[in-house]
Amino acid sequence: HLQTSGWGGWVDQGTVAGCTDGTKRMEAIKIKLTGDLANYYDIWYRTHVEKYGWLGWAKNGESAGTAAFSYRLEGIQIVLVEKGGQAPGNTADAFWQRPSVYYQSHVQSIGWQKEVKNGGISGTVGQYKRMESVKLRLTDQAYSGNIEYRSHIQNLGWESSWKANGAMSGTTAKALRLEAIQIRLTGEMAQRFDVYYRVHAEQFGWLGWAKNGESAGTAGFGYRLEGLQVVLVVKGKAAPGSTASAFHQLPYVSYQ
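Residues numbered from 1 in each chain as written. Predicted model: local features only at pLDDT ≥ 70, side-chain atom pairs only at ≥ 80, totals over all residues. Heavy atoms only, no water.

Broken down by element type, the protein chain carries two helices and 23 strands. Along the first, second and third principal axes, the C-alpha atoms of the protein chain reach 85 × 40 × 30 Å. When each of the 256 residues of the protein chain is scored for burial, the buried share is 45%. Of all intrachain contacts in the protein chain linking residues separated by at least 6 positions in sequence, the fraction that spans at least 24 positions is 62%. (Helix = DSSP H or I, 4+ residues; strand = E, 2+ residues; numbered from the N terminus. Buried < 20%, exposed > 50% of the residue type's maximum accessible area, 1.4 Å probe, protein only. Contact = heavy atoms within 4.5 Å.)

What follows is the structure in structure tokens.
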């Protein structure tokens with residue numbers, strides 16, 4: 001599996017797999033036996049990957065490495081084991097494929113913008129325009145689950161229900177600003193990935209990164225959301241940036 005090219009065809013008996021001119025990194029590999037060898041042996045292999053180190057052992061044509069992370073494959077180990085014999089080590093997480101998250105915003109005086117993905121900026125920065133609604137969706141999923149989201153809307157507060165997979169959160173044609181947003185994953189996606197997101201808020205600029213259903217933006221200030229970024233990160237790995245001050249809520253004071 002090569003940078004920008006994806007999976008190549010199968011080769012055998014000393015033929016080069018990948019490229020040799022140094023222009024593309026290898027990101028994943030598959031290895032299999034054929035003929036009588038495949039009847040008597042399993043071939044196990046694991047890869048050492050940028051940022052992750054050694055992954056689990058794969059076998060008999062399974063994928064080993066990563067895809068859609070832009071991480072290079074740095075090392076490989078290969079072992080032959082008698083058919084049905086014990087794996088050489090841990091077989092968990094031999095291959096990671098990151099789905100893409102696409103999102104788009106409905107912006108004051110602009111309408112629906114084109115989709116962006118994987119950390120791109122949706123909305124505007126420095127144009128003083130309110131975001132009025134958003135849509136998010138996942139593609140290239142190797143795991144089950146959805147992306148869900150809901151918005152805090154001017155005069156209305158938090159939406160009562162979560163939207164999912166391309167449904168609109170927010171309003172259009174009502175001139176109501178979004179003030180905050182919550183985004184989360186479900187199913188196996190939630191077990192394997194964290195969804196991080198941050199917003200560009202009126203008066204504050206870019207706030208910190210929130211994750212997994214936390215609030216991002218403001219409430220009680222009357223400030224508009226202007227921009228949004230969303231990123232999927234392997235579960236438990238580092239956030240894409242500072243997580244401080246992702247959400248500001250102005251306390252309410254009651255008196256009589």
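Here we come to the pairing of strand β22 (residues 225-234). The buried count for β22 comes to ten of ten residues, which makes it a mostly enclosed element. Across two bridges, strand β11 (residues 122-123) lies against β22 in antiparallel orientation. In the strand pairing of β22, Gly123 is matched with Gly227. Across nine bridges, the pairing between strand β18 (residues 193-201) and β22 is antiparallel. Within β22, the residue paired with Phe193 across the bridge is Val234. (Pairing = 2+ DSSP bridges.)

What follows deals with the packing of aromatic side chains. Here the structure, examined in full by the defined rule, presents eight aromatic pairs. Centre to centre, the rings of Phe204 and Phe221 are 5.7 Å apart; their planes meet at 90°, and the pair counts as edge-to-face. With Phe204 in the loop between β18 and β19 (205-206) and Phe221 in the loop between β21 (215-219) and β22, the pair connects residues that are 17 residues apart, well separated along the chain. With relative accessibility at 32%, the residue Phe204 sits in the partly exposed group. Following the ring pairs from residue to residue traces out a cluster consisting of Tyr52, Phe69 and Tyr71. It is Arg46 that lies over the ring of Trp54; its NZ or CZ is 4.4 Å from the centre. In this structure, Arg192 packs its charged tip against the face of Trp96, placed 5.3 Å from the ring centre. (Phe/Tyr/Trp six-rings, centres within 6.5 Å; stacked < 30°, edge-to-face > 60°. Lys NZ or Arg CZ within 6 Å of the ring centre and 35° of its normal.)

The next point concerns the environment of Lys211. Note on placement: Lys211 falls in strand β20 (residues 210-211). Separated by 178 residues in the primary sequence, Lys211 and Leu33 have C-alpha atoms spaced 43 Å apart.

Next up on the list: the sheet that holds strand β5 (residues 64-67). The strand order across the open sheet formed by three strands is β1-β5-β7, and the pairing between neighbours is mixed. Of all the strands in the sheet, just β1 (28-29) and β7 (95-97) have a single pairing partner and so form its edges. Here β1 pairs with β5 via two bridges, running antiparallel. What sits directly across from Ala28, in β5, is Gly65.

Turning to the environment of Val195, a few remarks are in order. Summarising the element assignment, Val195 is placed in strand β18. Look at Val195 and you get buried, because its relative accessible area is 0%. Along the primary structure Val195 and Ile183 are separated by twelve residues, whereas in three dimensions their C-alpha atoms are 7.3 Å apart. Discounting chain neighbours no more than four positions away, the residues touching Val195 are Ile147, Ile183, Arg184, Leu185, Ala210, Lys211, Asn212, Val230, Val231 and Leu232.

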